[in-house]
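Understanding the architecture of this molecule
Residue-level listing of the chains:
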Amino acid sequence: MNVTPGAPSVPMRVLHNEARDAMLIGYTDGDPLREVIRFEMDPRRDLEANLEEVFEALNEPGPRLAQFEVVRRYRAERNRSLSKGDVLFYGELAYAYAYAVAGAGFTRVYPTRESITFR
């Protein structure tokens, strides 16, 4: 999110879950996912710290996170808050890791490419 120019970076894609009951029961295999934003993260940081920062930034960002261009762009595009069942796709498509927002924290998931609509 806050990557220094010229520093290493890894893509993070935010996928909203479009299943009707996803916010209630969370992600289930085959749920339709739609990419709503893509940005770069610092791979030298702990993965859990990166996931938590994205969750906070796309829900109720404090002053430190609200300043980031990606947060302003996410809101300007009128996206809803990141919710249970949504998926964070971390890395290049060939070797990415997917994590669904759970009731508490994140759960590793394995969505198929057919279930994802990319931008």
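I will try to describe carefully the structure that is included in this document. Quantities reported herein were computed from a predicted structural model and do not represent experimental measurements. (Residues numbered from 1 in each chain as written. Predicted model: local features only at pLDDT ≥ 70, side-chain atom pairs only at ≥ 80, totals over all residues. Heavy atoms only, no water.)

**Comments concerning the overall build of the chain**
- Scanning the chain from N- to C-terminus turns up four helices and six strands.
- Here the C-alpha radius of gyration of the chain, 13 Å, is about what a compact globule of 119 residues would show, namely 14 Å.
- Its C-alpha atoms give the chain principal-axis dimensions of about 35 × 30 × 25 Å.
- Out of the 119 residues belonging to the chain, those deemed buried represent 44%. (Helix = DSSP H or I, 4+ residues; strand = E, 2+ residues; numbered from the N terminus. Rg over C-alpha atoms; globule rule 2.2 N^0.38 Å. Buried < 20%, exposed > 50% of the residue type's maximum accessible area, 1.4 Å probe, protein only.)

**Topic: the side chain of Asp42**
- Counting through the fold element by element, Asp42 comes out in the loop between strand S2 (33–41) and helix H2 (47–57).
- One polar contact links the side chain of Asp42 to the main-chain amide nitrogen of Arg44, over a distance of 2.9 Å. (Polar contact = N/O pair within 3.5 Å; in protein donor to acceptor, adjacent residues only side chain to side chain.)

**Topic: the pattern of salt bridges**
- What the rule picks out here adds up to nine salt bridges.
- Arg34 is the salt-bridge partner of Glu18, the closest N and O atoms lying 2.5 Å from each other. Note that Glu18 is positioned in the loop between strand S1 (10–17) and helix H1 (22–25) and Arg34 in strand S2, a separation of 16 residues in sequence.
- Glu18 sits in the partly exposed class, given a relative accessible area of 44%.
- The class for Arg34 is partly exposed, based on a relative accessible area of 33%.
- The shortest N-O distance in the salt bridge between Arg44 and Asp42 comes to 3.0 Å.
- Note on Arg44: relative accessible area 57%, which makes it exposed.
- Linked through salt bridges whose partners overlap, the residues forming this network are Arg45, Glu53 and Arg64. (Salt bridge = Lys/Arg side-chain N within 4 Å of Asp/Glu carboxyl O.)

**With respect to the pairing of strand S4 (residues 97–101)**
- For S4, a buried count of four out of five residues is recorded, marking the element as mostly surrounded by other parts of the structure.
- As paired strands, strand S3 (residues 87–90) and S4 are joined by four bridges and run antiparallel to one another. Note that in S4 the partner of Phe89 across the bridge is Ala98.
- The turn joining S3 and S4, which pair antiparallel and follow one another in sequence, is formed by six residues; a positive phi near 120° is taken by Gly91.
- As paired strands, S4 and strand S5 (residues 106–109) are joined by four bridges and run antiparallel to one another. Looking at the pairing, Ala100 lines up with Thr107 of S5.
- Where S4 folds back on S5, the antiparallel hairpin that results is connected by four residues, among which Gly105 adopts a positive phi of roughly 85°. (Pairing = 2+ DSSP bridges.)

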